[in-house]
Amino acid sequence: MAKLELNNFADFREIEGQTLPAGDWLTVTQEMINDFAKATMDFQWIHIDVEKAEKYSPFKMPVAHGFMSLALLSKLLKDVLLVKSTKMGVNYGLNKVRFPSPVLVNSRLRLICTIQKIEEYGNKGLKIKWNCIVELEGSKKPACVAEFISLSFE
């Protein structure tokens, strides 16, 4: 799906309350899961030991870390929206997070996101509250549901 491109914060404020276009599907590979394990030092066998997961996991294959689907929010959001005047954006926090469905290796994810609220923040900044659903292809339940807060500056 094409990325929504806006010129500036004034244009961005006009879409408050709207749902952004659905993002493209992203395949979660074993390499990505292994890299996330290294970055977080979470080496639970269900994530990184393919043979053991095939033998002992109820899913019969490795499962991505729940926090991996959460950590992908920034990337997935960047793929669906560009505000051209933005000079910098940072994560501010989360209010609610749930992981309703496991993400098996080679699953495909995409973001469905609504801009819940936009507030002024400091000098030339915005605080944005996003309602994010990380869809899991072929599943009735999403991989992750989160109320995500970010800051953006012009």
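Here is a short report on the structure shown in this document. This is a predicted model, so every value here is computed, not measured.

Examining the environment of Gly 89
Line of reasoning, step 1. Note that Gly 89 resides in strand E4 (residues 88-98).
Line of reasoning, step 2. In the structure, Gly 89 is positioned 65 residues away from Glu 154 in sequence and 9.2 Å away in space, judged by C-alpha atoms.

Thoughts on the sheet that holds strand E5 (residues 108-121)
Backbone hydrogen bonds hold the strands of a sheet together, and the pairing may be parallel or antiparallel.
Line of reasoning, step 1. The strand order across the open sheet built from five strands is E2-E5-E6-E7-E4, with neighbouring strands paired in antiparallel fashion. The open sheet is flanked by strand E2 (26-27) and E4, the only strands paired with a single partner.
Line of reasoning, step 2. Where E5 and strand E6 (residues 125-136) come together, 12 bridges link them in antiparallel fashion. Directly across from Thr 114, in E6, lies its bridge partner Asn 131.
Line of reasoning, step 3. Relative to the sheet, helix H6 (residues 73-80) contacts E2, E4, E5, E6 and strand E7 (144-153), its axis offset from that of E5 by approximately 85°.

Here's the deal with the state of the cysteines
Line of reasoning, step 1. By the definition in use, this model includes zero disulfides.
Line of reasoning, step 2. For Cys 113, which is in no disulfide, the shortest distance to another cysteine sulfur is to Cys 132 and amounts to 3.6 Å.
Line of reasoning, step 3. Here Cys 113 falls in the buried class, since its relative accessible area comes to 1%.

Notes on the layout of surface pockets
Line of reasoning, step 1. Considering only enclosed or pocket space, the largest pocket measures out at about 420 Å³ in volume.
Line of reasoning, step 2. Together, 21 residues line the largest pocket, and Leu 77, Leu 81, Thr 86, Gly 89 and Ser 152 are the ones closest to its centre.
Line of reasoning, step 3. Elements with a contribution of two residues or more to the lining of the largest pocket: helix H1 (9-13), H6, strand E3 (81-83), E4, E6 and E7.
Line of reasoning, step 4. Among the residues forming the lining of the largest pocket, the class breakdown is 13 nonpolar, six polar and two charged.

Brief notes about the packing of aromatic side chains
Line of reasoning, step 1. Applying the stated criterion across every chain, the model contains four aromatic pairs.
Line of reasoning, step 2. Geometrically, the ring pair formed by Tyr 92 and Tyr 121 is edge-to-face, given 6.0 Å between the ring centres and 70° between the ring planes. In this pair, Tyr 92 is assigned in strand E4 and Tyr 121 in strand E5, connecting sequence segments 29 residues apart.
Line of reasoning, step 3. The class for Tyr 92 is partly exposed, based on a relative accessible area of 44%.
Line of reasoning, step 4. Centroid distance Tyr 121 to Phe 153: 6.2 Å. Interplanar angle 70°. Geometry classified as edge-to-face. Taken as a pair, Tyr 121 in strand E5 and Phe 153 in strand E7 lie far apart in primary sequence, 32 residues in all.

About the thresholds
- Residues numbered from 1 in each chain as written.
- Predicted model: local features only at pLDDT ≥ 70, side-chain atom pairs only at ≥ 80, totals over all residues.
- Heavy atoms only, no water.
- Helix = DSSP H or I, 4+ residues; strand = E, 2+ residues; numbered from the N terminus.
- Pairing = 2+ DSSP bridges.
- Contact = heavy atoms within 4.5 Å.
- Axes fitted to C-alpha atoms, helices over the stretch in contact; angles between N-to-C directions.
- Disulfide = S-S within 2.5 Å.
- Buried < 20%, exposed > 50% of the residue type's maximum accessible area, 1.4 Å probe, protein only.
- 1 Å grid on protein atoms, 1.4 Å probe; cavity = no way out; pocket = protein on both sides within 12 Å on 5 of 7 lines; lining within 4 Å.
- Points joined across faces, edges and corners; volume = space filled by probe spheres on them.
- Nonpolar A, V, L, I, M, F, W, Y, C, P; charged D, E, K, R; others polar.
- Phe/Tyr/Trp six-rings, centres within 6.5 Å; stacked < 30°, edge-to-face > 60°.

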